[in-house]
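# Breakdown of the fold
Chain residues, written in single-letter form:
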Amino acid sequence: MNKLTLATAHEVLQEYLCSVWALAQEAGIQEVMVNRADDIWIERLGTMSRVPDCYVHPDALDRAITILANINAKEQTHLLDARLPGLRIAAARAPVAIYGDMLCIRKHTRHRVALTDYEEAGAFRVLPASVRPSFTRTNEALLSRLSTGGGAVREFFEWVMRERINVALSGGTSSGKTTLLNALLDAMDPDDRTITIEDTAELQVRLPNYIGLETNHGISMRELVKFSLRIRPDRIIVGEVRGAEAFDLMEALNTGHPGSVVSFHADSSDTAPARLESLIRMSDEGRLLPLEDLRQKIASTFRFFVHAARHGASRGPVEIREVLGVSSGRYVTRLLFSKVANEELIDA
């Protein structure tokens, strides 16, 4: 990018995104996130917070996205991935961005960090056991109570959301998957930045730091899953996985976004892992994975499979199954909860 183009880009940011550009210049701010014109967040030294009384006019936001795309020789699509010296910019336009145009500006560090800097900052220091996080995230006492149903099931869902454990939610049409997913969203940490991706927007999200994306104008689910990684997600929620995006999602959840939830159609919690396999196999990348490797990936990504169904007049979770691993190429699982008495569960 030549000096004239760079100067033009800076003028655009200053003119159309005055308040946001000012935030991006502040020391310590690593990312500026415009969830929509009247909802702006920053990440400063690893902590996210909403900026009160900060506003960008919707027309100015749209104009800035258009000019930034032109400067980067990008097509005028509803998703933008652009760069400026020291900055990476990702943007989505309505209606793909459900609540209006959104924009993220990520700042690259200007100071090259050496290994000695890490050491002096204490990054290599071993934490005492009292403050060390639990990497196993086990709660056998709770899991053993799931067979009794009732409050134990509620505690389970609160626990997996609190401990940031990925959940795969399966079920048929009108089984209550969306209703249950809304309840799980309410149990998530309100400090987390949550991205939802849907083919048709149905989720009712009440989290403060939230971006909703919807397939529209030829933008596919795969594109939205990949785009979500550029806008600083803590959790990624996909309302209905139907095809090749399952591969991208599995890769995303294996690389630092725990506590995410996906939903898809399946007949039971027992057949749900195989159904997820078939969805992943719809991608060219997924077809190249040996079956045992694919199963190992699924087992390491999704610890719990929750199945929803209609049962009488009620709709909602009827099975909870834990994936313990893969042995001899087959999933090793245990059924923790069944709405109907189940011999597998009783024997366990």
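Note that this is a predicted model, so its numbers are computed, not measured. (Residues numbered from 1 in each chain as written. Predicted model: local features only at pLDDT ≥ 70, side-chain atom pairs only at ≥ 80, totals over all residues. Heavy atoms only, no water.)

## Examining the pairing of strand 2 (residues 39-44)
Test applied: The classification of residues rests on relative accessible area computed with a 1.4 Å probe and restricted to protein chains. Under 20% of the type maximum is buried, over 50% is exposed, and intermediate values are partly exposed. The helix and strand labels rest on DSSP assignments: H or I over at least four residues marks a helix, E over at least two residues marks a strand, and numbering proceeds from the N terminus. By this definition, two strands are paired if DSSP reports at least two bridges between them.
Counting buried residues in strand 2 gives 5 out of 6 residues, a clear majority hidden from the surface. Of the strand pairs in this sheet, strand 1 (residues 29-36) and strand 2 are connected by 6 bridges, and their pairing is antiparallel. When the sheet's bridge partners are listed, Glu31 is paired in strand 2 with Glu43. Taking the residues between adjacent antiparallel strands as the criterion, strand 1 and strand 2 are bridged by 2 residues. Sheet topology note: the strand 2/strand 3 (residues 47-50) ladder contains 4 bridges and is antiparallel.

## Some words on the pattern of salt bridges
Defined as follows: The salt bridge criterion pairs a side-chain nitrogen of Lys or Arg with a carboxyl oxygen of Asp or Glu, the two atoms within 4 Å.
The full count for this structure, using the stated rule, is 24 salt bridges. The closest approach of N and O atoms between Arg222 and Asp248, which form a salt bridge, is 2.4 Å. Highlighted residues: Arg222 in helix 8 (residues 221-228) and Asp248 in helix 9 (residues 245-253), separated in sequence by 26 residues. As a salt-bridge pair, Glu322 and Arg303 come within 3.1 Å of each other at their nearest N and O atoms. With a gap of 19 residues between them, Glu322 in strand 13 (residues 314-327) and Arg303 in the loop between helix 12 (291-301) and strand 12 (304-311) connect regions that are remote in the sequence. Residue Arg303 is classed as buried on the basis of its relative accessible area of 18%. Taken together, the shared-partner salt bridges in this structure form one network comprising Arg36, Asp38, Asp39 and Arg50.

## Side note on unusual backbone geometry
Most peptide bonds are trans, and most residues other than glycine sit at a negative phi. Of note, the bond from Ala94 into Pro95 is cis; its omega dihedral lies within 30 degrees of zero at 5 degrees. Mapped onto the secondary structure, Pro95 falls in the loop between strand 5 (87-92) and strand 6 (102-107).

## Comments concerning the environment of Asp248
Note on Asp248: relative accessible area 10%, which makes it buried. A sequence separation of 38 residues divides Asp248 from Gly286, and the C-alpha atoms of the two residues are 9.3 Å apart.

## What to know about the packing of helix 9 against helix 10 (residues 272-280)
Heads up, the condition is: As a rule, the C-alpha atoms of each element are fitted with a line to give its axis, helices using only the stretch in contact, and angles between N-to-C directions run from 0 to 180 degrees. In what follows, roughly perpendicular refers to angles from 65 to 115 degrees, roughly parallel to angles under 35, roughly antiparallel to angles over 145, and oblique to any angle outside these ranges. By the convention used here, residues are in contact when the closest approach between their heavy atoms is within 4.5 Å. Only Asp, Glu, Lys and Arg are considered charged in this grouping, and only Ala, Val, Leu, Ile, Met, Phe, Trp, Tyr, Cys and Pro are considered nonpolar; every other residue, Gly among them, is considered polar.
As a packed pair, helix 9 and helix 10 sit with axes 6 Å apart at the nearest point and diverge in direction by 110 degrees. Taken together, the axes of helix 9 and helix 10 lie roughly perpendicular to each other. Residues Ala246, Phe247 and Met250 of helix 9 pack against Leu276, Leu279 and Ile280 of helix 10. Looking at the contact of helix 9 with helix 10 residue by residue, the classes come out as 6 nonpolar, no polar and no charged.

## Looking at the sheet that holds strand 11 (residues 261-265)
Within a sheet, neighbouring strands are paired by backbone hydrogen bonds and run either parallel or antiparallel to one another. Pairing is mixed in the open sheet, where 8 strands are placed in the order 9-8-10-11-7-12-13-14. The open sheet terminates on both sides in strands that have one partner only, identified here as strand 9 (210-214) and strand 14 (330-338). Between one strand axis and the next, the sheet turns by 20 degrees as a mean value, whatever way the strands run. As judged from the 5 bridges shared by strand 8 (residues 194-198) and strand 9, these two strands associate in the parallel manner. Within strand 9, the position partnered with Ile197 by the bridge is Leu213.

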